[in-house]
Amino acid sequence: MNKTQRRATLLGIFIFLNLPAIQRCHSQNPTYQDSSNKKIRFATVNVLTLCYTNTVAMQIPQHEIIRLKNGIKLAREFFWRNSFAKINLNIEFLEIPDFKSILFFEKNGSMIPEYVQQDLNNADIDKSQYGIVILIYPPPIGGGNYGISQESAGTGFAYVNYPVSRDAIYPGASDSVNYHFVFPYVHTLQQGLDVFCYKKSGISSMWNGDQPIEYAQMAGSKFSYQAEILRNFNDYLQIKEPWGEIREAVDFDGDQLPDKDPRLPFDELRFGSDSTSADSDGDGHSDFDEFISGIYRGSDPNNSDSDDDSTIDGDDRFPLNKIFHEVNRLIPDFEGELDNFYLVSTDLDFSTYYFAGGDSLSVKFYTSWDDRYLYISTIVNAPVELHLDLDLNNDGWWNGRDNLRIVADPFSSRLTEIRVMDATERARTLSQNLSRGDAAIWDDEPEYITRFGHLIDERDVHFATKTQELKNMIKIAIPANNYIDFKPESGKKIGVRACFTQIGGHERMWATIFEHYSLFEIILK
């Protein structure tokens, strides 16, 4: 195959994730106007994703390419929503089917940037058109990694190794989407925006995606922290060419959400809101506020009570989720039923599980407290494993040493997991001394036990279960603890994340009662 034929082959499999197709020169971008002079401004960054489908490690099958592309679409929406409609990513996807032997890779498995540059040249691609170039490829060694590679000829390359790590998953249940791919792509893209676009534009850094212990305040983990990075960055409109450019979209009602603009991931037309009214349902929650209510999805702009909890969205602390977060003081009968526990939630935010007859998973989540214990319990109509993260002083998951993780199986007489994450200065110093970098440490790690001892004793935590065909009950009583400075008392706020896995014995079935990886707040009254 000569160079001309090869170039035609590469360009013939260009896939555009944005409609209309991205123009090859910035000056040719279309302008959308109507009779309104009301506009909003947003930053646009052109992103090229190169997918190497055939390496010495493996071939990526075509059906998986489709799943990766659909994951990228979710990532693009995630950036638009959590940047508060300030960063639009024009993402092009290019497959490179040419076989890449071991000679194309560094000893650590990274692709050599000079060879990537050659592929760009062969495809007649001008690197100045893109703020970021992301590589997806199966490496000869390693795998499941992602990050920033070195620069070559002025182009910065970020990378995502395939197969991707399975330690984070975007909520969804379609077979046509690789939901595990979304997080490494989001993480890599955010770092690329920071290093290659905004720093080169002379703008101060975003939070570091690899250092939540340094930056995160009230964020949870994974997508929750990535969303906080985007929501706390204020300089999107300071980007400079050629790394990005500022554009405008029509916003007739002035609610900060564009009316109708196919260049963007979402607008009022696709969101279903009224572009002539800033608050389509009159609930005191503007259409824009509805759109950014959650990190994955918005609340209903045409329903004044999106979660049907009898509180209108404008007055609802959690408009997406039916959470009754004020918990009265009660002394429950721990050995009996849950009649005197306080019901916090009866709804699921997300679930992949359905019974054979089509019935959905049903969950009730309870809490209660007295002067000695915080009580948490669940009733589920299928066997589940409960994963519970508790920020017992509600100071952020990455702060303090009050970050308790409990995993409970209703068919076990003991807790599957109980440990505390210590993110205090002493733990971070220990981590550095162990050459792990600036990081938190779990209290069940041998080095931590040797230095500080356990922060919580499993024998002090009461655990009870009751299993029936359609009623699986888990009850946990967490005691006051001086080592983690926790004491139940009136006015105390606690961060809670509850996730259910192994539903019905199925390894890949899971559900949450709140946004995945985020913590909701309960208040002891």
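The shown structure was predicted, so the numbers you read here are calculated from the model rather than taken from an experiment.

> So, the overall build of the protein chain: which residues are in play, and what are the values?
Helices and strands together make up the secondary structure of the protein chain, namely 10 helices and 21 strands. Over its C-alpha trace the protein chain gives a radius of gyration of 25 Å, about what one expects of a compact globule, namely 24 Å for 525 residues. With the C-alpha coordinates aligned to their principal axes, the bounding extent of the protein chain is approximately 75 × 60 × 50 Å. Looking at the protein chain residue by residue over its 525 residues, the buried ones come to 56%. Total accessible area on the protein chain stands at roughly 22200 Å², and carbon and sulfur atoms take up 46% of it. Both charge centroids of the protein chain, one from 50 positive and one from 77 negative side chains, sit 5 Å from each other.

> Describe the pairing of strand β12 (residues 373-380), listing the residues and the values that go with them.
A regular strand places its side chains so that they alternate between the two faces of the sheet. Here β12 lies mainly inside the structure; eight of its eight residues are buried. Pairing of strand β11 (residues 363-369) with β12 involves seven bridges; the strand directions are antiparallel. What sits directly across from Thr 367, in β12, is Ile 376. The turn joining β11 and β12, which pair antiparallel and follow one another in sequence, is formed by three residues. Relative to strand β18 (residues 471-479), β12 is paired through eight bridges, and the arrangement is antiparallel. Across the sheet, residue Leu 374 finds its bridge partner in β18, namely Ile 478.

> Go over the packing of helix α2 (residues 62-82) against helix α4 (residues 179-198), please, and point to the residues and values.
Running from N to C, α2 and α4 point in directions that differ by 50°, and their axes come no closer than 9 Å. Overall, the two elements α2 and α4 adopt an arrangement that is oblique. Relative to α4, α2 is oriented so that their crossing is right-handed. Contact with α2, carried on its side by Leu 68, Gly 71, Ile 72, Leu 74, Ala 75, Phe 78 and Phe 79, involves Tyr 179, Phe 181, Val 182, Tyr 185, Val 186, Leu 189, Gln 190 and Leu 193 of α4 and no other residues of that element. Residue composition of the contact of α2 with α4, grouped by class: 13 nonpolar, two polar and no charged.

> Can you explain a nonpolar patch on the surface? Please cite residues and give values.
A contiguous nonpolar surface patch, about 410 Å² in accessible area, is contributed by Val 56, Phe 99, Ile 102 and Leu 103. Turning to its location among the elements, Val 56 is positioned in the loop between β2 (39-52) and α2. The partly exposed category is assigned to Val 56, whose relative accessible area is 41%.

> Quick rundown of the pattern of salt bridges? Include the residues and the values.
Within the structure shown, the criterion is met by 22 salt bridges. Each of Glu 214, Arg 428 and Asp 438 takes part in salt bridges that share partners, so that together they form one network.

> So what's going on with α2? Which residues, and what values?
Its 21 residues place the ends of α2 31 Å apart at the C-alpha level, agreeing with the 30 Å of an ideal helix rising 1.5 Å per residue. Of all 21 residues making up α2, 15 are buried, and the element is well covered by its neighbours. Just downstream of α2 lies Phe 84, where phi reads positive at about 60°.

> A description of the packing of aromatic side chains should follow, citing residues and the corresponding values.
Across all of its chains, the model carries 28 aromatic pairs by this definition. When the ring of Phe 365 is compared with that of Phe 520, the centres are 6.4 Å apart and the planes differ by 80°; the resulting orientation is edge-to-face. Remark: Phe 520 occurs in strand β21 (residues 520-524) and Phe 365 occurs in strand β11; sequence separation between them is 155 residues. Of the two residues, Phe 365 and Phe 520, neither departs from the other in class, the shared state being buried. Through pairs of rings, three or more aromatic residues link up here, namely Phe 78, Tyr 170, Phe 183, Phe 223, Tyr 296 and Tyr 517. The positively charged end of Arg 329 is found above the aromatic ring belonging to Trp 369, 5.8 Å away from the centroid. The ring of Phe 334 has Lys 475 lying over it, and the distance from NZ or CZ to the ring centre is 5.5 Å.

About the cut-offs
Sequence positions are assigned chain by chain, starting from 1 and proceeding in written order. Per-residue local features are limited, in this predicted model, to residues with pLDDT of at least 70; the limit for side-chain atom pairs, both in listing and counting, is 80 or more; totals at the level of whole chains, interfaces and linings are taken over all residues. Where side-chain values are given, they derive from all heavy atoms of the structure, hydrogens and water being excluded. A helix here means a DSSP run of H or I that spans at least four residues, while a strand means a run of E at least two residues long, and both kinds are numbered starting from the N terminus. Every radius of gyration here is taken over C-alpha atoms, with the globule rule written as 2.2 Å times N^0.38, N being the number of residues. Partly exposed describes any residue whose relative accessible area lies between the buried limit of under 20% and the exposed limit of over 50%, with all areas from a 1.4 Å probe on protein chains only and scaled to the type maximum. All accessibility values rest on the Shrake-Rupley procedure with a 1.4 Å probe; residue burial counts only the protein chains present in the view. For the charge count, each Lys or Arg is scored as positive and each Asp or Glu as negative, with His and the chain ends excluded. One atom stands in for each charge, and that atom is NZ of Lys, CZ of Arg, CG of Asp or CD of Glu. Two strands qualify as a pair provided that DSSP identifies no fewer than 2 bridges between them. Helix axes are fitted only over the stretch in contact, all axes being lines through C-alpha atoms; the angle between N-to-C directions runs from 0 to 180 degrees. In these notes the angle categories are as follows: under 35 degrees is roughly parallel, over 145 is roughly antiparallel, 65 to 115 is roughly perpendicular, and the rest is oblique. Crossings are assigned a handedness: left-handed for a near helix turned anticlockwise from the far helix by less than a right angle, right-handed for a clockwise turn. Note on contacts: a residue pair qualifies if any of its non-hydrogen atoms lie within 4.5 Å across the two residues. For this classification, the nonpolar set comprises Ala, Val, Leu, Ile, Met, Phe, Trp, Tyr, Cys and Pro, the charged set comprises Asp, Glu, Lys and Arg, and every other residue, Gly included, is treated as polar. Note that patches include only residues with greater than 30% relative accessible area and no salt bridge, and the join distances are 9 Å for like charges and 5 Å for nonpolar side chains (Val, Leu, Ile, Met, Phe, Trp, Tyr). Any Lys or Arg side-chain nitrogen located within 4 Å of an Asp or Glu carboxyl oxygen qualifies as a salt bridge. For a helix, the expected span equals 1.5 Å multiplied by the residue count minus one. Side-chain rings of Phe, Tyr and Trp, where Trp is taken by its six-membered ring, are said to pair if the distance between their centres is within 6.5 Å; with planes under 30 degrees apart they count as stacked, over 60 as edge-to-face, and otherwise as tilted. To sit over a ring, a charge needs its Lys NZ or Arg CZ within 6 Å of the ring centre and within 35 degrees of the ring normal.

No statement about biological role is implied by the geometric values presented.
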